[in-house]
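Results of the structural survey
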Amino acid sequence: MSSIIDNFTMTIIEMRKKRSETWENAKNFLDTHRNASGILSAEDTTTYERMEQEIVDLGHEIERQERLESMEREMQNATSQPIRNTPETKPDEKVGRASDAYKDAFWRSIRNESSYEIRNALREGVDSDGGYLVPDTFEHTLIQALDEENIIRQLAHTFTTASGTHAIPIVGTRGKATWIAEEQEIPETTETFTQKTISAHKLTALIKISEELLNDSAFDLESYIASEFARKISDAEEEAFITGNGSGKPFGILHDKEGAEVGITAAAANAITTNELIDLYYSLRSPYRKRAVWIMNDATVNMIRKLKDGNGQYIWSPGIKSNDTDTILGRKVYTTTCMPTAKTGAKTVAFGDLDFYWIGDREGISFKRLNELYATKGQVGFLATKRLDARLILPETIKVLKMK
């Protein structure tokens, strides 16, 4: 076990070192091959782009190796403990959806192994739409998968609400202390309060599985359903958290009225300058800059990583150590395909403290088995439903760069 994991670790370290060296070589290549006009020849451009692609490919491979290392550690964990004394039988202390009985009944019902005992055990988790609430352990697995796939959910403030609308009080304006003369009347400095509400929007995902595969006891149904629903739900959430319009879905961070404030408007419709990024950085108030991160897509990163500051230093810096995140102006960079590319009027770069973007998950994920809908195709459908809402609580905590 140790040797395999050590090999993964050494491979990751070597690849990070190679990535760093390739980046240094790429920077030196740019500095030494520009002509008098500061432009690369066609041949040199091809060479540089090949070096740049190698850096990107190495980054993806490092992430892949880290995932393999994590899975290897998990697979090598002991699945049981040796019996050293007289075995003791412990009753199932968990109750409701957390109990082993509920979990067993849930998955047997998914495979259509129905019986009176199974239906009786599942009464604990019947929802209002006639489906079953998933077991606690499976819900935790699904939520964990969502966190791993979803950038905004990783960075945002998340909480769970049982039902109803969740009101969030906000200080609109703050009063100030005032210098006054002796016996002068004290002026009022009353704060004003507002509130924003988080309710619940319905998000569903559907997958279909062949009856043959479903009846195969060797098929890991639980893992497959968890990964597929996590992928589908995560994609829909990420898009809404960034570009959602509040109509049947959350308000995204790029929403014109309920989202982030415009910190700077670029001078061009399809290009970004170093000074514009610096202006965006300082458009965010100092208290929020301490925890601020950059959010953009890969195409925008590709554009920005070539920019230099006034001292000739690249403002983009790759992570060197394991699990380090790339940075721009000393702040971490996160990428998502849901951020717009650099084009006319697009909000291409976001910079701010995502802890002020609140995500409220309604407690419990509902699950239905659809036996008849796809029966003519020899398939069984599975429908997962969750309720959630999200919005930016303080718009001033995130600034965006908007293209001309």
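On a predicted model such as this, the values are computed, not experimentally measured, just so you know.

Cut-off values and rules
- Residues numbered from 1 in each chain as written.
- Predicted model: local features only at pLDDT ≥ 70, side-chain atom pairs only at ≥ 80, totals over all residues.
- Heavy atoms only, no water.
- Phe/Tyr/Trp six-rings, centres within 6.5 Å; stacked < 30°, edge-to-face > 60°.
- Helix = DSSP H or I, 4+ residues; strand = E, 2+ residues; numbered from the N terminus.
- Buried < 20%, exposed > 50% of the residue type's maximum accessible area, 1.4 Å probe, protein only.
- Lys NZ or Arg CZ within 6 Å of the ring centre and 35° of its normal.
- Salt bridge = Lys/Arg side-chain N within 4 Å of Asp/Glu carboxyl O.
- Polar contact = N/O pair within 3.5 Å; in protein donor to acceptor, adjacent residues only side chain to side chain.
- Contact = heavy atoms within 4.5 Å.
- Arc of directions from axis to C-beta.
- Pairing = 2+ DSSP bridges.
- Axes fitted to C-alpha atoms, helices over the stretch in contact; angles between N-to-C directions.

**Some remarks on the packing of aromatic side chains**
Per the counting criterion, the structure on display carries eight aromatic pairs. Between Trp 23 and Trp 316 the ring centres are 5.0 Å apart and the planes differ by 80 degrees, which places this aromatic pair in the edge-to-face class. Of this pair, Trp 23 sits in helix α1 (residues 2–33) while Trp 316 is found in strand β8 (residues 316–317), placing the two residues 293 residues apart along the sequence. Between Trp 294 and Phe 351, the ring centres sit 4.3 Å apart and the planes meet at 35 degrees, which makes this aromatic pair tilted. Remark: Phe 351 occurs in strand β11 (residues 347–352) and Trp 294 occurs in strand β7 (residues 293–296); sequence separation between them is 57 residues. Its relative accessible area of 0% is what places Trp 294 among the buried residues. Cluster of aromatic residues (ring-pair linked, three or more members): Tyr 281, Tyr 282, Trp 294 and Phe 351. Residue placement shows Arg 305 over the ring face of Trp 316; its charged tip is 4.2 Å from the ring centre.

**Looking at the pattern of salt bridges**
A side chain with one charge may pair with a side chain of the opposite charge, provided their charged atoms come close. This structure, assessed with the given rule, holds 17 salt bridges. Between Arg 153 and Glu 237 there is a salt bridge, and its shortest N-O distance comes to 3.0 Å. Remark: Glu 237 occurs in helix α8 (residues 221–243) and Arg 153 occurs in helix α6 (residues 151–155); sequence separation between them is 84 residues. Look at Glu 237 and you get buried, because its relative accessible area is 2%. A salt bridge links Glu 228 to Arg 231; its shortest N-O distance comes to 3.0 Å. Separated by three residues within a single helix, Glu 228 and Arg 231 lie in helix α8, roughly one turn from each other.

**Some details on the side chain of Lys 399**
As for its position among the elements, Lys 399 is in strand β15 (residues 398–402). One polar contact links Lys 399 to Glu 261, side chain to side chain, over a distance of 2.6 Å. With residues up to four places along the chain from it excluded, the contact list for Lys 399 reads Ala 260, Glu 261, Gly 263, Leu 280, Ser 283, Leu 284, Val 349, Ala 350 and Phe 351.

**Regarding helix α9 (residues 274–283)**
Of all the residues in α9, the buried ones are Thr 274, Glu 276, Leu 277, Leu 280 and Tyr 281. Taken end-on, α9 shows its buried residues confined to a sector of 165 degrees, consistent with a single buried face. The exposed residues of α9 that point more than 90 degrees off its buried face are Asn 275 and Tyr 282.

**Observations concerning the sheet that holds β8**
In space, the seven strands of this open sheet follow the order β6-β15-β11-β7-β10-β9-β8, with mixed pairing throughout. Strands with a single pairing partner mark the edges of an open sheet, and in this sheet they are β6 (261–265) and β8. Pairing geometry for β7 and β11, over three bridges, is antiparallel. Among the inter-strand pairings, Val 293 is bridged to a residue of β11, identified as Gly 352. Lying on the sheet, α9 is in contact with β6, β7, β10 (331–335), β11 and β15; it crosses β15 at an angle near 155 degrees.

**A few points about the environment of Trp 316**
Assessed through its relative accessible area of 3%, Trp 316 is described here as buried. A sequence separation of eleven residues divides Trp 316 from Thr 327, and the C-alpha atoms of the two residues are 5.9 Å apart. With sequence-adjacent residues up to four places away left out, Trp 316 is seen in contact with Arg 19, Trp 23, Val 301, Arg 305, Asp 326, Thr 327 and Ile 328.

**A word on the pairing of strand β12 (residues 357–362)**
Across five bridges, the pairing between strand β2 (residues 157–161) and β12 is parallel. Paired with His 157 across the strands is Trp 358, a residue of β12. Pairing between β12 and strand β14 (residues 379–392): five bridges, direction antiparallel. Residue pairing for β14: Ile 359 is matched across the bridge by Ala 390.

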